[in-house]
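Notes for the structure review
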Amino acid sequence: GGKAAWAAVDPDLPLRERLAAAVTVMQTHLQGIFALMSVLQSSGQPLHRPMDAKALRRRQEGTAELDEAFNALIGDDVALLRIPVKNFIGYLRMLTLSSVHPMLDGQDATAPELVDVVLEGALARPTTATTSPSSRGKK
């Protein structure tokens, strides 16, 4: 299952690679769920069961477990983030879900790319490391 694969992520890898490995695990897991759902749908099974309290709680627990796993995976590298880790994990989760959702067109987004966009933002980076804020604008 997803848990075993998740546990296999090497904690000694750099943050970016740890996250990409975890996102890959999540993508594979979600692809399996979506495949199963489409099989059920084509066999005429009703997909939209009303969410009872137990199902809702299970879903919330699943989300909490995932957040915990991500928190553990990030570990001390949380100090590198400029946004709250909860938000960071939320963005990563949203992008991962939409990258494999059959009704959304994100299928070409790779795990490393998703991680890169969330970690770095989408703006181009300065090509040289020599421009420091203090030297800007002075000739």
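We now turn to the structure provided with this report.

1. Details of the pattern of salt bridges
The full count for this structure, using the stated rule, is 4 salt bridges. One salt bridge in this structure joins Arg16 and Asp116, with 2.5 Å as the shortest N-O distance. Of this pair, Arg16 sits in helix α2 (residues 15-42) while Asp116 is found in helix α5 (residues 111-120), placing the two residues 100 residues apart along the sequence. Residue Arg16 is classed as partly exposed on the basis of its relative accessible area of 34%. When its relative accessible area of 24% is taken as the criterion, Asp116 is described as partly exposed. One salt bridge connects Glu120 with Arg16, and the closest N-O pair in it is separated by 2.4 Å.

2. Here's the deal with α2
For α2, spanning 28 residues, the distance from its first C-alpha to its last is 40 Å, which sits close to the expected 40 Å at 1.5 Å a residue. Looking only at α2, the buried set comprises Leu15, Arg18, Leu19, Ala20, Ala22, Val23, Val25, Met26, Gln27, Leu30 and Phe34.

3. What to know about the nonpolar core
One broad trend across soluble globular proteins is that nonpolar side chains are buried collectively. Ranked by internal contacts, the top residues of the largest apolar core, which has 21 residues, are Trp6, Leu19, Phe70, Leu73, Phe88 and Leu92. Within the residue set of this core, elements represented by two or more residues are α2, α3 (53-74), α4 (85-100) and α5. The element that contributes the greatest number of residues to this core is α2, accounting for 7 residues. What Leu73 contacts, discounting residues up to four positions off in sequence, is Trp6, Val9, Arg18, Leu19 and Ala22.

4. So, the packing of α4 against α5
As a packed pair, α4 and α5 sit with axes 10 Å apart at the nearest point and diverge in direction by 150 degrees. When the interaxial angle is binned, α4 and α5 end up roughly antiparallel. The interaxial crossing formed by α4 with α5 has right-handed handedness. Between α4, through Phe88, Tyr91, Leu92, Leu95, Thr96 and Ser99, and α5, the contact on the second element is made entirely by Leu114, Val115, Val118 and Leu119. When the residues that make up the contact of α4 with α5 are grouped by side-chain class, the tally is 8 nonpolar, 2 polar and no charged.

5. Some words on the layout of surface pockets
Empty space within the second largest pocket amounts to approximately 270 Å³. Around the second largest pocket sit 13 residues that line it, and Arg82, Ile83, Val118, Leu119 and Glu120 are the ones nearest its centre. At the level of secondary structure, the elements contributing two or more residues to the lining of the second largest pocket comprise α4 and α5. The biggest single contributor to the lining of the second largest pocket is α5, with 4 residues. Of the residues belonging to the lining of the second largest pocket, the class tally is 10 nonpolar, 1 polar and 2 charged.

6. Concerning the side chain of Arg18
Structurally, Arg18 can be placed in helix α2. Judged by relative accessible area, Arg18 falls into the buried class, the value being 7%. A distance of 2.6 Å separates the side chain of Arg18 from the backbone oxygen of Leu13, its partner in a polar contact. Beyond its immediate sequence surroundings of up to four residues, Arg18 is in contact with Val9, Asp10, Pro11, Leu13, Leu73, Ile74 and Asp77.

Reading the values: rules and limits
- Residues numbered from 1 in each chain as written.
- Predicted model: local features only at pLDDT ≥ 70, side-chain atom pairs only at ≥ 80, totals over all residues.
- Heavy atoms only, no water.
- Salt bridge = Lys/Arg side-chain N within 4 Å of Asp/Glu carboxyl O.
- Helix = DSSP H or I, 4+ residues; strand = E, 2+ residues; numbered from the N terminus.
- Buried < 20%, exposed > 50% of the residue type's maximum accessible area, 1.4 Å probe, protein only.
- Expected span 1.5 Å × (residues − 1).
- Core = buried A, V, L, I, M, F, W, Y, C linked by side-chain atoms within 4.5 Å.
- Contact = heavy atoms within 4.5 Å.
- Axes fitted to C-alpha atoms, helices over the stretch in contact; angles between N-to-C directions.
- Parallel < 35°, antiparallel > 145°, perpendicular 65-115°, else oblique.
- Left-handed = near helix turned anticlockwise from the far one by under 90°.
- Nonpolar A, V, L, I, M, F, W, Y, C, P; charged D, E, K, R; others polar.
- 1 Å grid on protein atoms, 1.4 Å probe; cavity = no way out; pocket = protein on both sides within 12 Å on 5 of 7 lines; lining within 4 Å.
- Points joined across faces, edges and corners; volume = space filled by probe spheres on them.
- Polar contact = N/O pair within 3.5 Å; in protein donor to acceptor, adjacent residues only side chain to side chain.

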